[in-house]
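Chains, contacts and geometry: an overview
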Amino acid sequence: MRIAIPVNEDSMKTTICVSFGRTPYFMIYDTETKDTKFLSNQAAASQGGAGIKAAQMIIDNHAEALLTPRCGENAAEVFKAADIKIYQTKEDRLDHNIQAFEKGELSLLNEIHPGFHNHGGN
Amino acid sequence: MKQLLILSGKGGTGKTTIASAFIKLANAKAYADCDVDAPNLHLIMNQKSDARITDYFGMSKAAIDSSSCTRCGLCQSNCRFEAIKFSKENGYSIDAYACEGCGVCEAICPARAVTLKASIAGELRLYLNDIIFSTAQLKMGSGTSGKLVTEVKNQLKESPANIDLAIIDGSPGIGCPVIASLSGIDMVLIVAEPSISGISDMERIISTADKFKLRTAVCINKYNTNLQNTEHIIKYCQRYHIPFTGRIPYDTKAVEAINGGYSIVDIDCSSGEAAKSVYKKTMSLLFDCLGEKNVN
Amino acid sequence: MKIAVLSGKGGTGKTLVSVNLASVAEHSVYIDCDVEEPNGHLFFKPKEIKTENVSVWIPFADEKRCNGCRTCVDFCKFNALAYIKDHLFVFDEVCHSCGGCVLLCPQEALSETPKKIGEIKKGSSDHVTVISGILNPGEASGAPIIKSLLSSPSEDSLYTFIDCPPGSACVVMESIKDADYCVLVAEPTIFGVHNLAMVHELVKLFDKPYGVVLNKCFKGFNPAEQFCLENKIKILGRIPFDNQLGTVNSEARIASKEIKRYKDLFTDLLLTISEEA
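Keep in mind that what you see is a predicted model, and the values were worked out from it rather than measured.

**Let's talk about the overall build of chain C**
The secondary structure content of chain C amounts to 11 helices and 11 strands. Based on the C-alpha atoms only, the size of chain C along its principal axes is roughly 70 × 45 × 30 Å. Sorting the 277 residues of chain C into buried and exposed places 55% on the buried side.

**Examining the overall build of chain A**
Secondary structure summary: chain A contains three helices and five strands in total. In sequence order, chain A lays out its α and β elements as β-β-β-α-β-α-β-α. Sorting the 122 residues of chain A into buried and exposed places 44% on the buried side. Long-range contacts, defined as pairs at least 24 residues apart, comprise 47% of the intrachain contacts of chain A with a sequence gap of at least 6.

**Focus on the interface of chain C and chain A**
Of the residues lining the interface, 14 residues belong to chain C; the matching set on chain A comes to 19 residues. Listing elements by their share of the side of chain C that touches chain A, those giving two or more residues are β4 (81-84) and β5 (87-90) of chain C. A per-class count over the side of chain C that touches chain A returns nine nonpolar, two polar and three charged.

**So, the nonpolar core**
One finds Ile167(B), Ile190(B), Ile3(C), Val5(C), Cys182(C), Val183(C) and Leu184(C) to be the most contacted residues of the largest nonpolar core, which totals 149 residues. Sequence-distant contacts of Ile3(C), defined by excluding residues within four places in its chain, comprise Tyr159(C), Thr160(C), Phe161(C), Ile162(C), Ala179(C), Asp180(C), Tyr181(C), Val183(C) and Ile273(C). If you look at the next biggest cluster of nonpolar residues, it comprises 44 residues, including Met27(A), Ala50(A), Ala63(A) and Leu66(A).

**Considerations on the domain arrangement of chain C**
Segmenting chain C into domains produces domain 1 (2-54 + 118-276) and domain 2 (57-116). Inter-centroid distance (C-alpha atoms) of domain 1 of chain C to domain 2 of chain C is 40 Å.

**Notes on the environment of Gly51(A)**
Residue and element names in this part refer to chain A. Within the secondary structure layout, Gly51 lies in helix α1 (residues 50-60). Sequence-wise, Gly51 and Asn74 are 23 residues apart; in three dimensions their C-alpha atoms are separated by 6.7 Å. Here Gly51 is in contact with Phe20, Gly21, Gly72, Asn74 and Ala75, once residues within four sequence places are set aside.

**A few points about the interface of chain B and chain C**
Each partner contributes residues to the interface: chain B has 49 residues there, and chain C has 46 residues. Those elements that provide at least two residues to the side of chain B that touches chain C are α3 (104-108), α4 (145-155), α5 (176-181), α6 (196-211) and α8 (252-259) of chain B. Here the side of chain B that touches chain C takes eight residues from α6(B), the largest share from any one element. The residue makeup of the side of chain B that touches chain C, split by class, is 17 nonpolar, 25 polar and seven charged.

**Concerning unusual backbone geometry**
In this structure, Glu91(A) is a non-glycine residue whose phi angle is positive, near 40°. Judged by the 9 C-beta atoms lying within 10 Å of it, Glu91(A) is exposed. Within the chain, Lys232(C) stands out as a residue other than glycine whose phi angle is a positive 50°. In this structure, Lys232(C) sits in the loop between α8 (223-230) and β11 (235-240). On the neighbour-count criterion, Lys232(C) (6 C-beta atoms within 10 Å) is exposed.

**Thoughts on the sheet that holds strand β13 (residues 244-248) of chain B**
Residues and elements named next belong to chain B. Strands sit in the order β3-β8-β9-β2-β10-β1-β11-β12-β13 across an open sheet of nine strands; the sheet is mixed. Edge strands, defined here as strands with exactly one partner in the open sheet, are β3 (52-57) and β13. Across the sheet, the mean angle from the axis of one strand to that of its neighbour is 20°, orientation sign disregarded. Judged from the three bridges that link them, strand β2 (residues 30-33) and strand β9 (residues 132-138) form a sheet pairing that is parallel.

**Brief notes about the sheet that holds strand β1 (residues 2-7) of chain A**
Residue and element names in this part refer to chain A. As summarised here, the arrangement of the five strands in space is β3-β2-β1-β4-β5, forming an open sheet in which the pairing is mixed. Looking along the sheet, the strands with just one partner apiece sit at the ends: β3 (36-40) and β5 (85-88). When the angles between neighbouring strand axes are averaged without regard to direction, this sheet yields 25°. In this structure, strand β2 (residues 25-30) lies alongside β3, joined through five bridges in antiparallel fashion. When the bridges of β3 are listed, Met27 appears paired with Phe38.

**A few points about the packing of helix α1 (residues 14-24) of chain C against helix α11 (residues 260-276) of chain C**
Residues and elements named next belong to chain C. Relative orientation of the contacting elements α1 and α11 amounts to 85°, with a least axis distance of 9 Å. Relative to α11, the element α1 lies roughly perpendicular. Facing Asn20, Leu21 and Val24 of α1, the residues of α11 in contact are Tyr262, Lys263, Phe266, Thr267, Leu269 and Leu270. For the contact of α1 with α11, the residue count by class is six nonpolar, two polar and one charged.

**Re helix α7 (residues 190-205) of chain C**
Residues and elements named next belong to chain C. Its 16 residues give α7 an end-to-end C-alpha distance of 23 Å, which sits within 8% of 22 Å, the value for a rise of 1.5 Å per residue. Residues of α7 that are buried include every one of Phe191, Gly192, Val193, Asn195, Leu196, Met198, Val199, His200, Leu202 and Val203, and no others. Positioned one or two residues after α7, Asp207 has a phi angle of 55°, which is positive.

**Focus on the pairing of β2(B)**
Residues and elements named next belong to chain B. Across the two faces of β2 the burial is the same, with Ala30 and Ala32 and Tyr31 and Asp33 all buried. For β2 and strand β10 (residues 165-169), the ladder comprises four bridges, and the chain directions are parallel. Looking at β10, one finds that Asp33 is bridged to Asp169.

**What about the confidence of the model for chain C?**
Taken residue by residue, chain C gives an average pLDDT of 92. The fraction at 70 or more is 99%. This complex was scored by the predictor with a pTM of 0.80 and an ipTM of 0.82.

**Observations concerning the pairing of strand β7 (residues 128-135) of chain C**
Regular strands have side chains that alternate between both faces of the sheet. All names here are of chain C. Of all eight residues that make up β7, eight are buried, and the element is covered over most of its length. By the alternation rule, side chains of β7 split into Val128, Val130, Ser132 and Ile134 and Thr129, Ile131, Gly133 and Leu135, which are all buried. Bridge count for strand β2 (residues 28-32) against β7 is five bridges, and the pairing is parallel. When the sheet's bridge partners are listed, Asp32 is paired in β7 with Ser132. As paired strands, strand β6 (residues 110-125) and β7 are joined by eight bridges and run antiparallel to one another. Each bridged residue has a counterpart across the sheet, and for Ile120 the counterpart in β7 is Gly133. Connecting β6 to the next strand, β7, in antiparallel fashion are two residues, including Asp126 with a positive phi near 55°.

Reading the values: the criteria
- Residues numbered from 1 in each chain as written.
- Chains lettered and ligands numbered in written order.
- Predicted model: local features only at pLDDT ≥ 70, side-chain atom pairs only at ≥ 80, totals over all residues.
- Helix = DSSP H or I, 4+ residues; strand = E, 2+ residues; numbered from the N terminus.
- Buried ≥ 20, exposed ≤ 12 C-beta atoms within 10 Å, placed from the backbone.
- Contact = placed C-beta atoms within 7 Å.
- Nonpolar A, V, L, I, M, F, W, Y, C, P; charged D, E, K, R; others polar.
- Core = buried A, V, L, I, M, F, W, Y, C linked by C-beta atoms within 7 Å.
- Domains from an automatic or database assignment.
- Pairing = 2+ DSSP bridges.
- Axes fitted to C-alpha atoms, helices over the stretch in contact; angles between N-to-C directions.
- Parallel < 35°, antiparallel > 145°, perpendicular 65-115°, else oblique.
- Expected span 1.5 Å × (residues − 1).
- pLDDT = per-residue confidence, 0-100.

Right, here's the structure in full:
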């Protein structure tokens, strides 16, 4: 299964980013093949609607689940339409969260925050 | 790091006066001024070092290359923002203040004479010594104030991990810059003014904060300018279960302090004393994890 | 004559000045462009109010015509569109209503529908026509409402007073665009002067004739007055810091109607402005 995670740097030593829409990079990780790919997040420079653009990019890269600390309502709507589940990460260690996901220990993200209307959240 | 945002709805109620008092009382190591249109906090919070200045690029703006332009006028007829002007001498040109960077003119120009270019819409300033103070100035006439507010808040991320409190001075109104300042906030303190206008504006800002499901508390500044309206605000808070954290009197010494570059808690005055009590109640709400109580 | 009243800083007295000037003028129009927090109507309490909705255009797709080419998604500078599982999603809060997606769709599959963002209320109070714009909470920008307010057919009156929003950003520019004269209201604090300097730049940029009204004046050093003297700015008048005025104003009552010395003060101010403009 391919999962997407917002991360601060494009290396395996990175930590998970607090923002979804304006994260600098996304990591796409395949839980079966252990393949890893880093995507530069073009949405981060957007004037607005960053979450929407980021969500579109993740879907276009065939991720089936998203691991993130937060997600806005617009991006959440996009993921819901694409049948992609959103899981809430715990603290910012990449390896801990991937392991927790694989063991089924991460819960679904319940608190979707409202959109920030063109002005990006953080 | 807990973030307290100070808003008001109406302008001139005392956000910056109170924010600066709180920063001094808390000896806060992290603070920000999100009123990017008309920033004032730096006039009270004197800084030891120079700011790190970064250009802020707002939206891209269109520009017409008159040598390629065939004067067909398609750009102007399709611009919804009245941002394209025409004169016989200069042909078609863009009004940069009205341009919203939508790109329709660029897409529709048959001669490829229009391009969107990044434009500087303001300046971010970051003071980083033993404290972190993030502020910005939007270039006059610019839009995307909300995006600049987001950048101001992002600068605060450079604070060391051990800082537990950030105090954020907000802007008036209920639109762009206010909505952008609300992200990641733990609590909003609304500074209300006891006038009919102030009450009307307070209700609208409460309604805006409510849409974002944020914890909100209210305090009243210049309360003795109208005792009846002050009571009205207190009753309103009781009715809607909004925590009330106290009242501060109008005080001519406050004006003197501010004009001298001091906060109201730096001198001996009635508004400063009252601010200390409002501060204590606000902080106990902010750091209380057990839920809100209606504090009177 | 269109007179815009602005200040940079909030709470300096724009509404006090614009409401009272409109009140002492015979047959005037008062337009409240502070659509996020309109206050003028609280003073005038206008009657016979007619309400008009203000809407912006939001695109929607005809699914039968849309073939998923994503020209619109790729074009949109505001990321308001997403294409998922054969369906076009439109995020209307980030849409700027530029109409570009509709224009560029190769299948002509997009049309537009109006979305209400606020209202304009027009009424009258004695001899003043009161027009207020109001933005719905949660909406980001009042600029379309201000555009609508100022494009209303002009009334047959000598004076129109435009009560501007605080600040100096796009909504303020929109408000002063067609003004003949700008009145800058200043308060005697360093905060006030700092923001006065910004709107001073703005009115100069727009080539508008302008003058300053010093409000909340008390004995002692007035940094705003100092600023005007240093920059050779015409001081149109001075309003004292006065508890009685403060009380009347805080109760949304019109001082020039109730207190003779304020009727005189604002009448004189109006005369000075007419001579300057």
